[in-house]
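# Structural description and commentary
Chain by chain, the residues run as shown.
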Amino acid sequence: MDGSQIAKRLEVLKIEHRDLDAAISALIGSGTPEQMQLARLKKRKLRLRDEISMLEDQLIPDIIA
């Protein structure tokens, strides 16, 4: 992947991460959240965060001081 492809993928992942955050908040706010669904959403959100971090690391060059 080159820099522009990584940037596009990052944008998509960040949007999905925000959408999951909104879905989790809505599920919690509904009164009696379904625990299994909530756990799945949170796990997916964590995987997205990890992938976002990995891609951001690829965009930032390693500088040895």
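Here the structure is shown first, and the text comes after it.
Treat the numbers as computed from the prediction; the structure is a model and nothing was measured.

Attention now goes to the pattern of salt bridges. Counted by the stated rule, this structure contains four salt bridges. A salt bridge links K14 to E56, with the nearest nitrogen and oxygen atoms 3.2 Å apart. Remark: E56 occurs in helix α2 (residues 35-59) and K14 occurs in helix α1 (residues 3-29); sequence separation between them is 42 residues. Judged by relative accessible area, E56 falls into the partly exposed class, the value being 29%. The salt bridge involving K45 is made with D21; its shortest N-O contact spans 2.7 Å. Taken together, the residues span a long stretch of sequence, with K45 in helix α2 and D21 in helix α1 at a distance of 24 residues. On the basis of relative accessible area, D21 is assigned to the partly exposed category, the value being 35%.

In this structure, I6, L10, L13, L20, I24, L27, L38, L41, L48, I52 and L55 together form the largest nonpolar core, which totals 11 residues. The set of elements that each furnish at least two residues to this core consists of α1 and α2. Of all the elements, α1 adds the most residues to this core, at six residues. Not counting residues within four places of it along the chain, the set of residues in contact with L38 comprises I24, L27, I28 and P33.

Procedures and definitions
Once a new chain begins, its residue numbering starts again from 1 and follows that chain's sequence as written. Reporting of local features is limited, given that this is a predicted model, to residues whose pLDDT is at least 70; pairs of side-chain atoms are given and counted only at 80 or more, and all residues count toward the totals for whole chains, interfaces and linings. Hydrogens and water are ignored here; the side-chain numbers use all heavy atoms of the structure. The rule for a salt bridge is simple: a side-chain nitrogen of Lys or Arg has to be within 4 Å of a carboxyl oxygen of Asp or Glu. The helix and strand labels rest on DSSP assignments: H or I over at least four residues marks a helix, E over at least two residues marks a strand, and numbering proceeds from the N terminus. The cut-offs for exposure are 20% and 50% of the maximum accessible area for each residue type, with area from a 1.4 Å probe on protein chains only; residues under the lower value are buried, those over the upper are exposed, and the others partly exposed. By convention a nonpolar core is built from buried Ala, Val, Leu, Ile, Met, Phe, Trp, Tyr and Cys residues, the set being connected through side-chain atoms within 4.5 Å. Whether two residues are in contact is decided by their heavy atoms: any pair within 4.5 Å suffices.

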